[in-house]
Amino acid sequence: MHQLNKLLTISALCSCFASQPLLAQDAPSLHVTDAKQLPKNIIYLIGDGMGPAYTTAYRYYADNPTTRVVEKTIFDQLLVGMSSTYPDDDTYVTDSASSATALATSHKTYNGAISVDHEHNPLSTMLEVAKAQGKLTAVVVTSQINHATPASFLAHNQSRKNYDEIADSYLSNVINGRPIADLMLGGGTRYFVREHRDLTQEFTQLGYQYIDKLSDLNTIKSLPALGLFAPKGLPFALGSEDPLRLATMTHKALELLSDQEAPFVLMVEASQIDWCGHRNDVACAMNEMHDFATTLEHVKTFIDANPDTLLVATADHSTGGLTLGSDGVYQWKGKLLHYVTSLPNAIARAIVDDLTVLDTSATLSTFLAQHIRFNIDAKNLDSLRLQLNSRLTEEKSAKLIEKDLLHFIDKATYTGWTTSGHTAIDVPIFAYGKGQQFFTGHKDNTEIGARLIDIIKAQDGKTK
Ligand SMILES: [Zn+2]
């Protein structure tokens with residue numbers, strides 16, 4: 001596998017459209033050089049780890065049980081294509097850094113790379129291109145803002161693991177003397193406020209407003225601004241005070257960005273779908289999906305009011321090998337996941353903190369009723385209690401108890417997983433608004449990045 005995709009010129013992009021195997025009615029008839037079809041603003045959303053099993057699961061999880069039909073979700077409504085995600089490495093399975101590099105720069109690279117090639121040369125990112133043109137740029141994520149996906153839009157580093165270096169480069173990687181992003185919302189105080197260097201103060205000196213509480217979001221009145229709301233990632237949606245924190249942050253970002261004359265490019269990442277996937281925690285994943293679905297609804301509403309804006313959403317890869325149906329049974333009971341009201345990890349820690357809940361089936365039943373509110377029959381409850389008790393003699397018992405609880409929820413809902421890592425399957429592409437036709441059909445992740453960069457570059461010609 002080599003770098004297949006060179007940055008397309010606009011004319012190449014046009015001939016590329018002509019050769020796409022699209023249905024006649026779907027084929028874009030306009031030339032991209034026609035300024036009228038170019039969006040002013042771009043909102044690029046990435047569901048980390050969100051393979052097609054996640055959007056399917058969310059449909060059944062969100063289904064209204066009082067109607068006979070299964071309602072289409074926002075994902076179903078906006079679906080336009082599928083994307084391959086393989087890296088330029090000795091595997092077809094990508095990591096988030098390599099895939100985000102493809103989505104941000106249009107170039108494939110090795111797993112772990114943050115927008116650099118195999119020789120560690122920087123690959124220019126779409127936010128850098130946008131910034132060089134004087135556009136407004138923003139990044140909104142639920143991970144730390146120097147995590148692999150946002151880092152691939154804002155920095156260049158040979159390894160995603162160099163968190164401090166990546167955070168430092170958010171100040172040192174400048175265009176026209178300014179940092180790449182005008183707005184950054186997410187987590188990461190642990191990397192930005194360090195013993196010998198406080199990057200938040202340096203951002204403040206550059207004129208950024210800095211806040212460290214999500215509840216202070218509305219105190220941001222203008223750009224540039226930086227909001228870091230947790231040491232690393234924000235709390236998971238499930239069990240969190242603000243389970244729609246990505247939607248809340250995106251809503252605020254759109255308010256700030258659309259208040260200005262300049263066009264904007266906003267990157268939003270639902271970072272933690274992937275983290276739930278790595279844990280093989282389907283209840284955790286559905287709550288992250290609900291936050292992302294709500295975010296997409298907000299963006300769609302924004303575009304309905306501001307039709308010169310393009311939404312493109314996709315995933316960087318799928319995580320966990322999630323599937324719906326297991327054990328030879330033709331069933332998936334995703335609705336039960338609404339009754340899981342605490343993170344299994346938190347339930348496990350509560351059990352380890354108070355082992356008396358495992359004394360009898362009655363004590364366990366009373367305890368679980370606060371966290372897992374679906375009916376558990378007496379036989380299953382007792383076998384769960386025996387299983388959990390047997391874990392207490394082993395090391396890292398909270399981790400093992402969490403695994404048992406996850407297994408119990410998977411059994412009850414017929415949810416399957418194949419791995420604690422990523423998988424190579426294609427991921428969905430969603431698009432809406434002006435220019436959505438450029439993203440239909442099968443695309444490689446590099447092509448999504450290339451088309452967005454082409455649009456950003458062509459916008460420059462339009463605005464001159
Ligand atoms: Zn991952």
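As the structure is a prediction and not an experimental result, all values here were calculated from the model.

Let us now look at the coordination of the zinc ion. Coordination of the zinc ion by the protein comes from D274 (OD), D274 (OD), H278 (NE2) and H422 (NE2), over a distance range of 2.0 to 2.3 Å. The site at the zinc ion holds 4 donor atoms, and with the angles between them running 57 to 153°, its shape is irregular. Donor residues for the zinc ion sit on one chain with the sequence pattern D-x3-H-x143-H. Of this pair, D274 sits in helix 11 (residues 272-279) while H422 sits in strand 14 (residues 422-423), and the two are 148 residues apart along the sequence. Judged by relative accessible area, D274 falls into the buried class, the value being 5%.

A general tendency of soluble globular proteins is for nonpolar side chains to be buried together. Core analysis: the largest hydrophobic core is formed by 80 residues, its most contacted members being F75 and L266. If you tally residues by element for this core, the top one is helix 12 (residues 282-305), at 12 residues. Built from parts of two domains, this core gets at least three residues from each of domain 1 (10-20 + 32-322 + 422-463) and domain 2 (323-416). For L266, the contacting residues outside a window of four places in its chain are I42, I43, Y44, A138, V139, V140, T250, A253, L254 and L257. Of all hydrophobic cores here, the second largest spans 51 residues; its members include I42, V80, L103 and I453.

Below, the discussion takes up the UniProt feature "active site" (unreviewed entry) in the chain. Those residues carrying the UniProt feature "active site" (unreviewed entry) are S96 in this numbering. Here S96 is to be found in helix 4 (residues 96-105). The exposure class of S96 is buried, given its relative accessible area of 2%.

The next thing to look at is the packing of helix 15 (residues 378-391) against helix 16 (residues 397-413). Following both chains from N to C, one finds helix 15 and helix 16 inclined at 160°, their axes separated by 9 Å at the closest point. Considered as vectors, helix 15 and helix 16 are oriented roughly antiparallel to each other. The way helix 15 lies across helix 16 gives a crossing that is right-handed. Taking contact as the criterion, the partners of N380, L384, Q387, L388 and R391 in helix 15 are, on helix 16, S397, L400, I401, D404, L405 and F408. Considered class by class, the residues forming the contact of helix 15 with helix 16 number 6 nonpolar, 3 polar and 2 charged.

With 7 of its 7 residues buried, strand 9 (residues 264-270) lies for the most part within the structure. Residues F264, L266, V268 and A270 point to one face of strand 9 and V265, M267 and E269 to the other, with burial holding for every one of them. Of the pairings in the sheet, the one linking strand 1 (residues 41-47) to strand 9 comprises 6 bridges and is parallel in character. Bridging across to strand 9, I46 finds its partner in E269.

Rules behind the numbers
Residues numbered from 1 in each chain as written. Predicted model: local features only at pLDDT ≥ 70, side-chain atom pairs only at ≥ 80, totals over all residues. Heavy atoms only, no water. Donors = N, O, S within 2.8 Å, 3.2 Å for Na, K, Ca; no water. Tetrahedral: all angles 85-135°; square planar, octahedral: opposite > 155°, others 65-115°. Helix = DSSP H or I, 4+ residues; strand = E, 2+ residues; numbered from the N terminus. Buried < 20%, exposed > 50% of the residue type's maximum accessible area, 1.4 Å probe, protein only. Core = buried A, V, L, I, M, F, W, Y, C linked by side-chain atoms within 4.5 Å. Domains from an automatic or database assignment. Contact = heavy atoms within 4.5 Å. UniProt positions renumbered as here; feature names shortened; annotations may be inferred. Axes fitted to C-alpha atoms, helices over the stretch in contact; angles between N-to-C directions. Parallel < 35°, antiparallel > 145°, perpendicular 65-115°, else oblique. Left-handed = near helix turned anticlockwise from the far one by under 90°. Nonpolar A, V, L, I, M, F, W, Y, C, P; charged D, E, K, R; others polar. Pairing = 2+ DSSP bridges.

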